[in-house]
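# Geometric and topological summary
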Amino acid sequence: MSLSETEYRYLGLQEEKEVERAKKDPKAFKPLYERYYGKIYGFLFKRVNDEQITADLASQTFLNALLNLKKYEFRGLSFAAWLYRIAVNLSTDYFRQTKRSRALYLDPDKTSDLFLEMVDEGEDEAEDLLHELKLPMVLKALSQKELELIELRFFEEMSFKEIAFVVNLTEGNARTKTHRILRKMKMLIESNENKSQDIA
Amino acid sequence: MKTSLKILHKVPDLEELAAKHQNFDALMDAHADENIRKRKKLYKASSFAMVILATAFLSWLYWGYEPQLTEPVESQLEMSGQPKEQMIPAEKKEQEKEVSPLPEPMAKERLEPAEKEVTERETVVARQKPENKEKKSEEEEIASPQVTIKEKITADAEPVDGLESLYRYLYKEIELPDSLLGADSRLFLEIEFMIGAEGEISEVSFNKELPVVLEKKLRKVFVEMPAWKPALEKGECVESYMNLPITFQKKSDKQ
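Residues numbered from 1 in each chain as written. Chains lettered and ligands numbered in written order. Predicted model: local features only at pLDDT ≥ 70, side-chain atom pairs only at ≥ 80, totals over all residues. Heavy atoms only, no water.

### What about the overall build of chain B?
Heads up, the condition is: For helices the rule is a DSSP run of H or I covering at least 4 residues; for strands it is a run of E covering at least 2, with both sets numbered from the N terminus onward. Exposure categories follow from relative accessible area, calculated using a 1.4 Å probe and restricted to protein chains: below 20% of the type maximum is buried, above 50% is exposed, and the middle band is partly exposed. By definition, residues are in contact when any of their heavy atoms lie within 4.5 Å. Throughout, the Shrake-Rupley method with a 1.4 Å probe supplies accessible areas, and for residues the shown protein chains are the sole cover considered.
Counting secondary structure elements, chain B contains 6 helices and 10 strands. A burial count over chain B gives 40% of its 255 residues as buried. Taking the contacts inside chain B whose residues are at least 6 apart along the sequence as the reference set, 71% of them involve residues at least 24 apart. Surface exposure of chain B reaches about 16,500 Å², of which carbon and sulfur atoms provide 53%.

### Concerning the nonpolar core
Heads up, the rule is: In these notes, a set of buried Ala, Val, Leu, Ile, Met, Phe, Trp, Tyr and Cys residues joined through side-chain atoms within 4.5 Å is what counts as a nonpolar core.
Ranked by size, the top nonpolar core spans 72 residues in total, and within it Phe29(A), Phe62(A), Phe79(A), Leu114(A), Leu139(A), Ile150(A) and Met185(A) carry the most contacts. Non-local contacts of Met185(A), meaning those with residues more than four positions away in its chain, are made with Leu114(A), Met118(A), Leu135(A), Val138(A), Leu139(A), Leu142(A) and Ile150(A). Core analysis: the second largest hydrophobic core is formed by 28 residues, Tyr169(B), Leu187(B), Ile201(B) and Met242(B) among them.

### A few points about the packing of helix H2 (residues 30–48) of chain A against helix H3 (residues 51–67) of chain A
Residue and element names in this part refer to chain A. This is how the line gets drawn: For helices, the fitted line uses only the C-alpha atoms of the stretch in contact; every axis is such a line through C-alpha atoms, and the angle between N-to-C directions lies from 0 to 180 degrees. Angles below 35 degrees are treated as roughly parallel, those above 145 as roughly antiparallel, those between 65 and 115 as roughly perpendicular, and all remaining angles as oblique. What makes a crossing left-handed is the near helix being turned counterclockwise from the far one by less than a right angle; a clockwise turn instead makes it right-handed. Polar here means any residue other than Ala, Val, Leu, Ile, Met, Phe, Trp, Tyr, Cys and Pro, which are nonpolar, and Asp, Glu, Lys and Arg, which are charged; Gly is therefore polar.
Across the interface, H2 lies against H3 with an axial gap of 9 Å and an inter-helix angle of 135°. Between H2 and H3, the angle is such that the two are oblique. Between H2 and H3 lies a crossing of right-handed hand. On the side of H2, the interface is formed by Leu32, Tyr33, Tyr36, Tyr37, Ile40, Tyr41, Leu44, Phe45 and Val48, while H3 contributes Glu51, Ile53, Thr54, Ala55, Leu57, Ala58, Ser59, Thr61 and Phe62. By residue class, the composition of the contact of H2 with H3 is 14 nonpolar, 3 polar and 1 charged.

### A short note on helix H7 (residues 144–155) of chain A
All names here are of chain A. Put simply, the test is: Working rule for helices: expected span equals 1.5 Å times residues minus one.
In a regular helix each residue adds 1.5 Å, so 12 residues correspond to 16 Å; H7 covers 15 Å between its end C-alpha atoms and thus fits that length. When you tally the buried positions in H7, you get 9 out of 12 residues, the bulk of the element. Within H7, the full set of buried residues consists of Glu146, Leu147, Glu148, Leu149, Ile150, Glu151, Leu152, Phe154 and Phe155. Following H7 by one or two positions, Glu157 has its phi on the positive side, about 55°.

### A few points about the interface of chain B and chain A
Convention followed: Once two parts are brought into contact, the accessible area they lose, counted with a 1.4 Å probe and summed over both, makes up the buried area. Any carboxyl oxygen of Asp or Glu that lies within 4 Å of a side-chain nitrogen of Lys or Arg is treated as forming a salt bridge with it. Identification of polar contacts relies on pairs of N or O atoms within 3.5 Å, with a donor-acceptor requirement for protein atoms, meaning one able to donate a hydrogen and the other able to accept it, and with residues adjacent in sequence counted only if both atoms are side-chain atoms.
In this complex, chain B contributes 27 residues to the contact, which on the side of chain A involves 35 residues. Counting the surface lost from both chain B and chain A, the interface buries some 2,800 Å², and carbon and sulfur atoms represent 70% of this. Together, Leu5(B), Leu8(B) and Phe24(B) form the three largest contributors to the area buried by chain B at its contact with chain A, with a combined 21%. Where chain B touches chain A, the interface holds 1 salt bridge. When the shortest N-O distance is used, the salt bridge between Lys20(B) and Glu51(A) registers 2.6 Å. In this structure, the connection of chain B to chain A is made through 8 residue pairs in polar contact (both at pLDDT 80 or more). Breaking the side of chain B that touches chain A down by element, the ones donating at least two residues are strand E1 (5–8), helix H1 (14–21) and helix H2 (24–64) of chain B. The element contributing the most residues to the side of chain B that touches chain A is H2(B), with 8 residues.

### Quick notes on the pattern of salt bridges
The final tally for this structure, using the stated rule, is 16 salt bridges over all chains. Salt-bridge contacts for Glu215(B) lead to Arg219(B); the nearest nitrogen and oxygen are separated by 2.3 Å. With Glu215(B) and Arg219(B) both in helix H6 (residues 212–223) and 4 residues apart, this pair spans about one turn of that helix. Take Arg219(B): its relative accessible area is 30%, and that puts it in the partly exposed class. Three or more residues joined by partner-sharing salt bridges are found here, namely Arg47(A), Arg102(A), Glu148(A) and Glu151(A).

### What to know about the confidence of the model for chain A
Should the pLDDT be low somewhere, the predicted coordinates at that spot are not to be read in detail. Applicable threshold: For every residue, the predictor assigns a confidence score, pLDDT, that lies between 0 and 100.
A residue-level look at chain A finds 83% of positions with pLDDT of 70 or above and a mean pLDDT of 84. Per-element averaging of pLDDT across chain A places helix H6 (residues 125–140) of chain A at the bottom with 71 and H3(A) at the top with 95.

### What about the environment of Pro159(B)?
Residue and element names in this part refer to chain B. Positionally, Pro159 belongs in strand E4 (residues 158–159). Taking C-alpha positions, Pro159 is 6.8 Å from Pro226, a pair spaced 67 residues apart along the chain. With residues near it in sequence (within four places) discarded, Pro159 still touches Leu166, Ala227, Trp228 and Lys229.

### Focus: a negative patch on the surface
Residues and elements named next belong to chain A. We count it as follows: Patches draw on residues past 30% relative accessible area with no salt bridge. Two like charges within 9 Å are joined, as are two nonpolar side chains (Val, Leu, Ile, Met, Phe, Trp, Tyr) within 5 Å. Under the convention used here, Asp and Glu are negative, Lys and Arg are positive, and both His and the chain ends fall outside the count. Charged groups are reduced to one reference atom each: NZ for lysine, CZ for arginine, CG for aspartic acid, CD for glutamic acid.
On the surface, Asp109, Asp113, Glu117 and Glu157 cluster together to form a negatively charged patch. Checked against the element boundaries, Asp113 lands in helix H5 (residues 108–118). When its relative accessible area of 35% is taken as the criterion, Asp113 is described as partly exposed.

Dropping the structure here:
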């Protein structure tokens, strides 16, 4: 989702006009809907892992966006950030009410990025592989908020500015927290490795 | 705190699924339905608010509004036995000045000629008040914390047909048994009654305990007496009370 500054500026101006038009006429919301529906649906499915529930949540996300469009103000972020914020809140409420387990799709391409953030330079390939295998276990050890930051940063590829807007933090805070989580994950992997070695 | 997490290593074709469920028309319908629902909710809320406001307003009108009441003050009556000052109904019990003394026998001389046709007993009726009321200026009225009813009432209640007619009526209607008269062959009674805003008479009461039958008779006489013009306060008809001291006296045998 990360875009260059120029792309942001262009897309922002275009979207700003589209949003202004949609505020006056709901039917003008269609371009925004068609542009981001797939993205929001995909994001929600990877959390919910159910086709129909994902469709319901996605529809509700766009309905809420449309109903509250008058409150939207362009802040230099794409309209998608606002949709993501609504989708995150809706899915969180859904998990809280139904007490269902949330899911996380470990996209192989995205997982390697996460893994690279965690490993130190100089570690050999065998250890890298070990770390990668232990990743699911480490992710399960994270809290809901921590997992959300990791998910948005590495699996949805959002900028810290966008993450901050979605989870209602400052950009600096989002950055700091993400790095702390990565350190924590690394420590968890290493401590687990030490325990395995001791047993062995 | 650990998250209950299910790790997915594979997902279906999300783009295909998204395309399957993407429906802008359904979104428009849902949006319209939601707007209708909000409007209905707003209408219900505003109706409820209007009901609350109306109830509060009516309650304020009924319970909170207090009409201005004047303090009743009883002016001094003359020795000749003039009727006591008219008082405001709600405040009639608060009498600041003394009750006038009994009417003097000499008041008889002032009776109208028609009343000279007496039977066994004479009735001395309270006289009309002298017309030398002190009218305070407005400034005095404001300065003085106790404004008299006299000053507030611009015109006293009076019988429609005049006092003469009233005397004749009372003379004709009231008969007292001798047993009620005192050693001096007299009976002093104070009769208090209310003159309504339309001149109707009610709430007749006596300062003495009388035999039930007589009290009933006297009450009837007063209620049915000729109509009164109600008192006027700033141009408006108001209720007022009249206190009528009456001395019943056995007629001398001279006449």
